[in-house]
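Survey of secondary and tertiary structure
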Amino acid sequence: MIQIIEIGPERLDEYDRLPSNFLVRAILQVELLDGGLGGMRLVEIPVAEPYVKDYDVGEKPSDWAQQFDVRNWGFFLALDGGTPVGAAAVAFDTTGVFMLERRRDLSVLWDIRVMPAGRGAGIPLFRHAAAWSRRRGCTQMKIETQNVNVPACRFYHKMGARLGEIHRYGYAAVPQVAHEVMLNWYLDL
């Protein structure tokens, strides 16, 4: 039985030990219809050479407390028999976190990760993060991912989130990921 516990930032080194990588096998390519005036369409296409994307390159969860005021954040570990098998972080009501859009009724699922063997097994971290946000008076939870993370997009859609933003140049200033498209999902709480 999976148990989800809330931890403080002093235990984020435990969070660090959970991998946040996956194999990119396909992307959601953005196609503009009539130059964008007719909208956009996401089309899943396989990548020529699959590769590993690791969200922890350059920044680990234990770095967050030095970068942000995390007093209003929720950090969660999913435990199976006392062993961490997943983790999630939710940002809420934090000055300087652009993704919160200066809203007090919005939380951001900052991070979610599950051990590869447990992915798709029904670990309820996402629902736990949504419930935590709801208890703080949030009416929506925002989730950022990229067009290279097709499994995450399918998961967020399955959980009831709706795509709210396609930012084609969201990572233009970061050369390593400038080719990726930012996709922001919103879950009504």
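Going by the structure above, here's the rest.
The paragraphs below set out a description of the structure included in this document. Since this is a predicted model, take the numbers as computed values, not measurements.

Attention now moves to the overall build of the protein chain. When helices and strands are counted, the protein chain shows four helices and nine strands. When its helices and strands are written in sequence order, the protein chain yields β-α-β-β-α-β-β-β-α-β-α-β-β. Rg of the C-alpha trace for the protein chain: 17 Å, near the compact-globule value of 16 Å for 189 residues, within the 12% margin. For the protein chain, the spread of C-alpha atoms along the principal axes amounts to about 50 × 35 × 30 Å. Counting all 189 residues of the protein chain, 43% fall into the buried class. Sequence-distant contacts, at least 24 apart, represent 65% of the contacts inside the protein chain between residues at least 6 apart. Accessible area of the protein chain: about 10,400 Å², with a carbon and sulfur share of 53%.

Pairing within the open sheet is mixed, and its seven strands lie in the order β1-β4-β5-β6-β7-β9-β8. Each having just a single partner strand, β1 (2-7) and β8 (162-167) make up the two edges of the open sheet. The sheet shows a mean angle of 25° between the axes of neighbouring strands, taken without regard to direction. Relative to the sheet, helix α4 (residues 150-158) contacts β6 (106-114), β7 (140-146), β8 and β9 (182-188), its axis offset from that of β7 by approximately 160°.

Within the secondary structure layout, Thr145 lies in strand β7. For Thr145, a relative accessible area of 1% corresponds to the buried category. Setting aside its immediate chain neighbours within four residues, Thr145 contacts Tyr55, Ala152, Cys153, Tyr156, Tyr171, Val181, Met182, Leu183 and Trp185.

The subject of this paragraph is helix α3 (residues 125-135). Residues Leu125, Phe126, Ala129, Ala130, Trp132 and Ser133 constitute the buried set of α3. The buried residues of α3 all sit within an arc of 160° when viewed along its axis, so they share a single face. The exposed residues of α3 that point more than 90 degrees off its buried face are Arg127 and Arg135. Just downstream of α3, Gly137 is the residue with a positive phi angle, here 85°.

With that out of the way, let us pick up the nonpolar core. Counting 31 residues, the largest nonpolar core has Leu109, Leu125, Phe126 and Tyr156 as its most contacted members. Those elements giving two or more residues to this core turn out to be β2 (21-32), β4 (74-80), β5 (83-92), β6, α3, β7, α4 and β9. If one sorts the elements of this core by residue count, α3 sits on top with five residues. Residues contacting Leu109, with those up to four places away along its chain left out, are Ala88, Ala89, Val90, Phe126, Ala129, Met141, Lys142, Ile143 and Tyr156.

Turning to the pattern of salt bridges, a few remarks are in order. With the rule as written, the count across this model stands at twelve salt bridges. Note that Arg154 and Glu44 form a salt bridge whose closest N and O atoms lie 2.1 Å from each other. One end of the pair, Arg154, is in helix α4; the other, Glu44, is in strand β3 (residues 40-54), and 110 residues separate them in sequence. Of the residues examined, Arg154 reaches a relative accessible area of 51% and is grouped as exposed. Among the ionic pairs, Arg104 bridges to Asp93, the shortest N-O distance being 3.0 Å. Of this pair, Arg104 sits in the loop between β5 and β6 while Asp93 sits in the loop between β5 and β6; the two residues are eleven residues apart in sequence, bridging distant segments of the chain. One connected set of salt bridges, linked through shared partners, spans Glu101, Arg103, Asp105 and Lys142.

As a further point, take the packing of aromatic side chains. All chains considered together, the criterion is met by 13 aromatic pairs. Their ring planes at 50° and their centres at 6.4 Å tell us that Trp64 and Trp73 sit as a pair that is tilted. Ring-pair connections join several aromatic residues into one group, and the members of that group are Tyr15, Trp64, Phe68, Trp73, Phe75 and Trp110.

Quick notes on the rules
Residues numbered from 1 in each chain as written. Predicted model: local features only at pLDDT ≥ 70, side-chain atom pairs only at ≥ 80, totals over all residues. Heavy atoms only, no water. Helix = DSSP H or I, 4+ residues; strand = E, 2+ residues; numbered from the N terminus. Rg over C-alpha atoms; globule rule 2.2 N^0.38 Å. Buried < 20%, exposed > 50% of the residue type's maximum accessible area, 1.4 Å probe, protein only. Contact = heavy atoms within 4.5 Å. Areas by Shrake-Rupley, 256 points an atom, 1.4 Å probe, with all protein chains shown as cover. Pairing = 2+ DSSP bridges. Axes fitted to C-alpha atoms, helices over the stretch in contact; angles between N-to-C directions. Arc of directions from axis to C-beta. Core = buried A, V, L, I, M, F, W, Y, C linked by side-chain atoms within 4.5 Å. Salt bridge = Lys/Arg side-chain N within 4 Å of Asp/Glu carboxyl O. Phe/Tyr/Trp six-rings, centres within 6.5 Å; stacked < 30°, edge-to-face > 60°.

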